[in-house]
Amino acid sequence: MVFKMPSVKIAGVLVPRVILGHLPFIGESYQGSVKNQECVERFSKVENTVAILSGVVQEYGITVFSAAPSTEGQLAKLHLEAVHETILQTGIEIALIPCLRILLTVNGKPLDDYRRWLTYYEIEKRIVGEEILEKYLNDPVLQCREGWKERFLYALKHSAPYRTEIEKISIDREGMTHAIESLKDFNVAFAELGSETDFLVMIDRMDLLGELVDWLQGAFGYRTILGTHHAGSAIPTLEKSGIKFQGYVTPINKKGVMMFPAQELAAKAVRNARKPIIAIKPLAGGRIPPQPALEYVFGDLNVDTCMIGVSSKEELDQDFTTALRLLKHYKKP
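This section reports on the structure supplied with the text. None of these values were measured; they are calculated from a predicted model.

So, about the overall build of the protein chain. Scanning the protein chain from terminus to terminus reveals 13 helices and 14 strands. Taking 20 Å as the expected radius of gyration for a compact globule of 333 residues, we find that the protein chain reaches 19 Å, a close match to that expectation. Within the protein chain, the fraction of its 333 residues that count as buried is 56%. A separation threshold of at least 6 residues defines the contact pool for the protein chain, and within that pool the share at least 24 residues apart is 77%. On the protein chain, roughly 14,500 Å² of surface is accessible, and the fraction owed to carbon and sulfur atoms is 49%. For the protein chain, the distance from the average position of its 39 positive side-chain charges to the average position of its 41 negative side-chain charges is 4 Å.

Before going further, it helps to spend a moment on the environment of Pro-292. Assignment of secondary structure puts Pro-292 in helix α12 (residues 290-300). By relative accessible area, which is 26% here, Pro-292 ends up partly exposed. With 38 residues separating them along the chain, Pro-292 and Lys-254 place their C-alpha atoms 7.8 Å apart.

The next thing to look at is the nonpolar core. Judged by nonpolar contacts, the single largest core of 107 residues is most densely connected at Phe-65, Phe-152, Leu-193, Leu-238 and Phe-320. The contacts of Phe-65, once residues within four sequence positions are left out, are Ile-19, Leu-20, Leu-53, Val-56, Val-57, Val-83, Ile-94, Ala-95, Leu-96 and Ile-97.

Let's shift gears to the sheet that holds strand β6 (residues 104-106). The strand order across the open sheet formed by three strands is β7-β6-β8, and the pairing between neighbours is antiparallel. The open sheet has two edge strands, β7 (109-110) and β8 (169-171), and neither has a second partner.

Moving on, we get to the pairing of strand β13 (residues 277-280). Side chains of β13 alternate between two faces, with Ile-277 and Ala-279 and Ile-278 and Ile-280 buried alike. Alignment of strand β12 (residues 247-251) against β13, held across four bridges, turns out to be parallel. Across the sheet, residue Tyr-248 finds its bridge partner in β13, namely Ile-277. Crossover handedness for the path β12 to helix α11 (residues 263-272) to β13: right-handed.

Among the structural elements, Thr-90 can be located in helix α3 (residues 74-90). At a separation of 2.8 Å, a polar atom in the side chain of Thr-90 contacts the main-chain carbonyl oxygen of Thr-86. A distance of 3.2 Å separates a polar side-chain atom of Thr-90 from the backbone nitrogen of Ile-92. Not counting the four nearest positions on each side in its chain, Thr-90 is found in contact with Ser-54, Val-57 and Gln-58.

Attention now moves to the pattern of salt bridges. Under the definition given, this model contains 11 salt bridges. Ionic pairing is found between Asp-317 and Lys-313, a salt bridge with its closest N-O pair at 2.9 Å. Of this pair, Asp-317 and Lys-313 both sit in helix α13 (residues 313-326), separated by four residues, roughly a single helical turn. Using a relative accessible area of 28% as the deciding quantity, one classes Lys-313 as partly exposed.

Now for the packing of helix α5 (residues 131-138) against helix α6 (residues 148-158). Helix-helix packing is described using two parameters, namely the angle between the two axes and the distance between the axes. Interhelical geometry of α5 versus α6 gives an angle of 140 degrees and a closest axis separation of 9 Å. By the angle class used here, α5 and α6 are oblique. Contacts between α5 and α6 involve Leu-133, Tyr-136, Leu-137 and Asn-138 on the former and, on the latter, Trp-148, Lys-149, Phe-152, Leu-153 and Leu-156. Considering only residue class, the contact of α5 with α6 consists of seven nonpolar, one polar and one charged.

A word on the environment of Ile-26. Here Ile-26 shows up in the loop between β3 (18-20) and α1 (33-43). Classification of Ile-26 as partly exposed rests on a relative accessible area of 24%. Separated by 156 residues in the primary sequence, Ile-26 and Ser-182 have C-alpha atoms spaced 16 Å apart. For Ile-26, the contacting residues outside a window of four places in its chain are Ala-68, Leu-75, Ala-76 and His-79.

Burial of strand β4 (residues 64-67) is two-sided: the residues Val-64 and Ser-66 facing one way and the residues Phe-65 and Ala-67 facing the other way are all buried. Pairing of β4 with strand β5 (residues 95-100) involves four bridges; the strand directions are parallel. Across the sheet, residue Phe-65 finds its bridge partner in β5, namely Leu-96. Between the parallel elements β4 and β5, the chain passes through α3 in a crossover that is right-handed.

The description of an aromatic ring pair uses the distance of the two centres, along with the angle that the planes make with each other. In the structure shown here, the tally under the stated rule is 17 aromatic pairs. Both rings, one in Trp-117 and one in Trp-148, keep their centres 5.4 Å apart while their planes meet at 75 degrees; by these two values the pair is edge-to-face. Pair noted here: Trp-117 is in helix α4 (residues 113-128) and Trp-148 is in helix α6, with a separation of 31 residues, a long-range link. Accessibility expressed as a relative area gives 2% for Trp-117, which makes it buried. Ring centres 5.2 Å apart and planes at 85 degrees place the aromatic pair Trp-215 and Phe-220 in the edge-to-face group. Residue Trp-215 is classed as buried on the basis of its relative accessible area of 15%. In this structure an aromatic cluster arises from ring pairing among Tyr-114, Trp-117, Tyr-120, Tyr-121, Tyr-136, Trp-148, Phe-152, Tyr-162, Phe-199 and Phe-260. Seen from the ring of Tyr-162, Arg-115 lies directly overhead, with NZ or CZ sitting 4.1 Å from the centre. Between Lys-135 and the ring centre of Phe-260, over which it is positioned, the NZ or CZ distance is 5.1 Å.

Reading the values: rules and limits
- Residue indices follow the written sequence of each chain, beginning from 1 at its first position.
- Local features are withheld for residues below a pLDDT of 70 in this predicted model, meaning they are given only at 70 or higher, and side-chain atom pairs are given and counted only at 80 or more; totals for whole chains, interfaces and linings count all residues.
- Each side-chain value is derived from all of the structure's non-hydrogen atoms; neither hydrogens nor water enter the calculation.
- Secondary structure counts use DSSP, requiring at least four H or I residues in a row for a helix and at least two E residues in a row for a strand, with both numbered from the N terminus.
- What the globule rule says is 2.2 Å times the number of residues to the power 0.38, and the radius of gyration is computed from C-alpha atoms.
- Each residue gets one of three labels from its accessible area relative to the maximum for its type: buried under 20%, exposed over 50%, partly exposed in between, using a 1.4 Å probe on protein chains only.
- The criterion used for residue contact is that any of the two residues' heavy atoms lie within 4.5 Å.
- What sets the accessible areas is the Shrake-Rupley method with a 1.4 Å probe; for residues, cover comes only from the shown protein chains.
- The charge count includes Lys and Arg as positive and Asp and Glu as negative, but it does not include His or the ends of the chains.
- By convention, the charge on Lys lies at NZ, on Arg at CZ, on Asp at CG and on Glu at CD.
- Here, nonpolar core means buried Ala, Val, Leu, Ile, Met, Phe, Trp, Tyr and Cys residues that are tied together by side-chain atoms lying within 4.5 Å of each other.
- Strands are treated as partners if at least two bridges between them are detected by DSSP.
- Orient the strands so they point away from the viewer; a crossover is then right-handed if the path from the first strand over the helix to the second runs clockwise.
- As used in this structure description, the phrase polar contact means that two N or O atoms lie within 3.5 Å; if the pair is within protein, one of them must be able to donate a hydrogen and the other to accept it, and residues adjacent in sequence are counted only when both atoms belong to side chains.
- By definition here, a salt bridge exists when the distance from a side-chain nitrogen of Lys or Arg to a carboxyl oxygen of Asp or Glu is within 4 Å.
- To obtain each axis, a line is fitted to C-alpha atoms, and for helices this fit is confined to the stretch in contact; angles are then taken between N-to-C directions over 0 to 180 degrees.
- If an angle is under 35 degrees, it is roughly parallel; if it is over 145, roughly antiparallel; if it lies from 65 to 115, roughly perpendicular; otherwise it is oblique.
- Under this grouping Gly is polar, as are all residues other than the nonpolar Ala, Val, Leu, Ile, Met, Phe, Trp, Tyr, Cys and Pro and the charged Asp, Glu, Lys and Arg.
- Pairs were defined over the aromatic rings of Phe, Tyr and Trp, the Trp ring being its six-membered one, requiring ring centres within 6.5 Å. Orientation was assigned from the angle between planes: stacked under 30 degrees, edge-to-face over 60, tilted for the rest.
- Comment: the charge-over-ring label is applied if NZ (Lys) or CZ (Arg) is within 6 Å of the ring centre and within 35 degrees of the ring normal.

Here it is as structure tokens:
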């Protein structure tokens, strides 16, 4: 029996109010290296992924999944293979929302990740003050990056934000084209530009972001949504821009995990946004039980839809049955 998940329209596309996330399938649990390794071992076998994907489709009627291009690694490639196999087995079409990393370069070299975060730090410190350092250092998802705290503190002491190089930043479209080519056999509902969006917004290179959105829509016909981990900083600026994108993807959860520069500012930006919101990390990487997590997302912040990643059939049933029950009370017009 299929339990149909309620849907909403985003830019004319019917999207379930819960979308299946992909990060556990490519080895990221946000719960540490042991759980990550469990995911790697489990989902290195395509049949294990297909078993969960088929359950999502056949038991919950969900046919929109997030994904990553195969250029993101072997597990991303296997996940796409599993999606294809699930379509064949179920006879049901599945649409994808792939997250595309924005390949930024400075003088032809890839952007330094820690200098990028130092740039965020310098800007957001002016917004919320010195307390931003503790939020950066202690965010539980950021701490899942190996050596995050030590490396960020080292960069803070020995490196510097991007300043004079801002005008020399460009986008590696050839590399992005290679990533997009791995998606050519799939129905792409929306392309999500990754959280490098934040960087382009905060350094005032909206020209590059606008050109990238136009390119995705013109060259590939992709509706585009923008990923941001700094909603409180980025969304107010994007709301005033003339960029023709279709919505936002941003962390929203009751603990404020990855909601920068502060939970209350990110929540305010989400409430005031005129474009649709897709919440990610609603369970804060498994740190919040599904009922209070989804009450916050759908009740307190009234978002359009959210992505939930699962690493087992048990997690799938727990999270998605909770969502079905709660969404009877949190309806969208």
